[in-house]
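Analysis of the macromolecular model
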Amino acid sequence: MTTIDLTKSTSVFSIKEKAIRITWNLCWSLATLLPRQLSDIRIVLLRIFGAKIGKKCLIDHGVKIWIPWNLNIENFVAIGRYVEIYNYGMVTIGTMTVISQYSYLCTGSHEYENPYMPLIWDKIIIGSECWIAAGTCILPGVIIGNGSVIGAKSLVTKNMPEWMVCAGHPCKPIKIRKLNKPLDSI
């Protein structure tokens, strides 16, 4: 009978990468304490550590980002407080998208059929003009189509189509997302 042996599990990071991650964690832990109004300081720090971030973005306080060089955020993106981006794999977030508070974007997992349970990962892609509502969990390999709304506390385990309102455990499409005319144009 085969048994789990985590003593044979090895780190995916070199010594140099571990040193960079320690430096990142120290710098970021201070930056996350800054108030929301100082989002620009967090964005500068993310860029220094290799994140690609577009113009006019907001990164709220308390956000956790595991590996900044695996983060690509386009223009006019807002990431709410206490969002966690656990990104061994690349996370891409499209223009005009909102990731609401307490959401969890998880690119990593473990190969559970291997007795050493090595770390595995895949990308997450969130399209443009999306809203990921509060407390949503998005798992590795998921693509959220442009314009989609993912309801609060949803568990997204597979790709979601464009311009749909989706929700649930597991998340599934519920209805087409239709935009009304803005009040200022009436």
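Cut-off values and rules
Residues numbered from 1 in each chain as written. Predicted model: local features only at pLDDT ≥ 70, side-chain atom pairs only at ≥ 80, totals over all residues. Heavy atoms only, no water. Phe/Tyr/Trp six-rings, centres within 6.5 Å; stacked < 30°, edge-to-face > 60°. Helix = DSSP H or I, 4+ residues; strand = E, 2+ residues; numbered from the N terminus. Buried < 20%, exposed > 50% of the residue type's maximum accessible area, 1.4 Å probe, protein only. Lys NZ or Arg CZ within 6 Å of the ring centre and 35° of its normal. Salt bridge = Lys/Arg side-chain N within 4 Å of Asp/Glu carboxyl O.

With respect to the packing of aromatic side chains
In the structure shown here, the tally under the stated rule is eight aromatic pairs. Geometrically, the ring pair formed by tryptophan 24 and tryptophan 28 is stacked, given 4.9 Å between the ring centres and 20° between the ring planes. Within this pair, tryptophan 24 and its partner tryptophan 28 are both found in helix H1 (residues 15-31), separated by four residues, close to a single helical turn. For the pair shown, tryptophan 24 and tryptophan 28 are each scored as buried. Centre to centre, the rings of tryptophan 66 and tyrosine 88 are 5.9 Å apart; their planes meet at 55°, and the pair counts as tilted. Placement of tryptophan 66 in the loop between strand S3 (64-65) and strand S4 (71-73) and of tyrosine 88 in the loop between strand S6 (84-86) and strand S7 (91-93) is noted, with a sequence separation of 22 residues between them. According to the relative accessible area criterion, tryptophan 66 is partly exposed, its value standing at 27%. Overall, tyrosine 88 belongs to the buried group, its relative accessible area being 13%. Above the ring of tryptophan 66, the side-chain terminus of arginine 21 is found at 3.9 Å from the ring centroid.

Regarding the pattern of salt bridges
Side chains carrying opposite charge are able to pair once their charged atoms draw close together. Applying the stated rule across the entire model yields two salt bridges. Across the pair aspartate 60 and arginine 36 runs a salt bridge whose closest N-O atoms are separated by 3.3 Å. Placement of aspartate 60 in the loop between strand S2 (58-59) and S3 and of arginine 36 in the loop between H1 and helix H2 (39-48) is noted, with a sequence separation of 24 residues between them.

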